[in-house]
Amino acid sequence: MNSIKPFDPQLKFEGRVALITGGASGIGFAVARQLSELGASIAIADRNADGMEHAAAQLEGTDPLTIDVDVANPHDAAEMVSKVVVHFGKLDVLIHSAGVGIERGFLETTPEEWQRLIDIDLSGTFYCAQAAARHMVENSYGRIVNLSSTAGLRGGTGRAAYGAAKGGVIALTRVMAVELAPFGITANALAPGAIETELVARMHSEETRRVYRAGIPLDRYGTPDETAFTAVFLASEQAGYVTGHVLGVDGGFLAAGVMHRQGRS
Ligand SMILES: NC(=O)c1ccc[n+]([C@@H]2O[C@H](COP(=O)([O-])OP(=O)(O)OC[C@H]3O[C@@H](n4cnc5c(N)ncnc54)[C@H](O)[C@@H]3O)[C@@H](O)[C@H]2O)c1
């Protein structure tokens with residue numbers, strides 16, 4: 001008879017090592033804080049050294065490792081994972097949140113803008129996830145969460161380079177889920193909608209905000225913590241049967257079509 005292991009619904013990360021790229025700011029920082037509060041050992045990797053120091057100082061009671069990295073550089077990505085493994089002895093979780101955005105029309109996007117978004121948002125995801133997975137296969141355990149976007153699933157004005165890169169992240173994540181499954185590694189993607197972070201402060205004009213909110217059934221932008229919590233779930237041991245998934249964190253944006261704003265001004 002099979003013995004049934006009791007299922008513990010409490011999220012616990014004691015003994016787990018998590019690497020968060022883009023951890024100096026926004027969604028990445030919120031993930032780092034939540035995972036550290038749940039007991040994980042934390043490594044934050046970012047190209048913003050000052051932001052990283054500031055972020056690390058806010059993770060009270062933990063001693064996070066901070067790593068300077070340009071995720072668009074494959075050597076940096078490999079070295080980043082080596083540093084985590086040397087420091088903590090292993091790597092269990094990668095949350096890949098480093099990324100940049102741009103709002104530029106398809107007709108106006110320059111080759112340089114296109115290349116920068118592909119280099120950082122798409123190639124950066126490949127370099128970091130591959131480096132992490134090459135270590136994780138040795139331990140037959142891993143959780144990888146890549147930050148995509150609703151722009152990777154739906155069209156929209158000004159999202160030619162960004163949407164193409166984020167759509168690529170979804171395709172890459174699905175291939176990773178299939179190829180890494182034999183090694184006990186799950187790979188999932190988040191597709192946040194509009195989340196109040198520095199990136200959105202830079203990208204969204206007042207006009208963009210007005211138009212965007214009109215398409216969000218919950219009629220508001222999301223918070224970094226609401227987004228981070230979904231990454232924490234996917235990074236948990238308990239989410240071991242969820243892989244190759246794209247989770248919208250978008251106030252219903254992906255579900256919506258034409259909407260009347262009944263009962264709302
Ligand atoms: N905020 C949103 O509404 C939203 C929506 C959809 C997707 N996303 C995605 O979520 C992720 C996090 O976004 P955020 O809103 O927290 O942005 P953010 O700007 O607050 O944080 C991104 C972090 O990535 C770092 N970074 C950028 N380029 C890097 C590079 N080449 N190497 C290393 N670090 C680099 C930045 O220094 C910054 O700390 C991004 O991939 C973004 O595309 C955000």
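Everything below is about the structure printed above this text.
Conventions and cut-offs
- Residues numbered from 1 in each chain as written.
- Predicted model: local features only at pLDDT ≥ 70, side-chain atom pairs only at ≥ 80, totals over all residues.
- Heavy atoms only, no water.
- Pairing = 2+ DSSP bridges.
- Helix = DSSP H or I, 4+ residues; strand = E, 2+ residues; numbered from the N terminus.
- Axes fitted to C-alpha atoms, helices over the stretch in contact; angles between N-to-C directions.
- Phe/Tyr/Trp six-rings, centres within 6.5 Å; stacked < 30°, edge-to-face > 60°.
- Buried < 20%, exposed > 50% of the residue type's maximum accessible area, 1.4 Å probe, protein only.
- Near = heavy atom within 4 Å.
- Polar contact = N/O pair within 3.5 Å; in protein donor to acceptor, adjacent residues only side chain to side chain.
- Areas by Shrake-Rupley, 256 points an atom, 1.4 Å probe, with all protein chains shown as cover.
- Nonpolar A, V, L, I, M, F, W, Y, C, P; charged D, E, K, R; others polar.

(A) Up close: the sheet that holds strand S4 (residues 93–96). An order of S3-S2-S1-S4-S5-S6-S7 is seen for the 7 strands of this open sheet, with the pairing classed as parallel. Bordering the open sheet on either side are strand S3 (65–68) and strand S7 (246–249), each of which pairs with just one other strand. Averaged over all pairs of adjacent strands, the angle between their axes in this sheet comes to 20 degrees, without regard to strand direction. Where strand S1 (residues 17–21) lies against S4, 4 bridges are found, and the strand directions are parallel.

(B) Molecular detail of the packing of aromatic side chains. The tally for this structure, following the rule as stated, stands at 3 aromatic pairs. Arranged with centres 5.8 Å apart and planes meeting at 55 degrees, the rings of Phe-126 and Tyr-127 form a pair that is tilted. Residue Phe-126 is classed as partly exposed on the basis of its relative accessible area, which comes to 36%. Using a relative accessible area of 22% as the deciding quantity, one classes Tyr-127 as partly exposed. Taking the centre distance of 5.9 Å and the plane angle of 65 degrees together, the rings of Tyr-212 and Tyr-221 count as edge-to-face. Pair check on accessibility: Tyr-212 and Tyr-221 agree, each one buried.

(C) Local environment of the site of the ligand. Taken together, the neighbourhood of the ligand is formed by 30 residues, with Ser-25, Asp-46, Tyr-162, Ile-195 and Thr-197 sitting nearest. Between the ligand and Ser-25, the relevant distance is 2.6 Å, taken from an oxygen atom to a side-chain nitrogen or oxygen of the residue. The side chain of Lys-166 places a nitrogen or oxygen atom 2.8 Å from an oxygen atom of the ligand. When the free accessible area of the ligand is taken as 820 Å², the share hidden by the protein chains comes to 96%. Listing elements by their share of the shell around the ligand, those giving two or more residues are helix H1 (26–37), helix H5 (160–180) and helix H6 (198–203). Among the elements that make up the shell around the ligand, the one with the highest residue count is H6 (4 residues). The residue makeup of the shell around the ligand, split by class, is 14 nonpolar, 10 polar and 6 charged.

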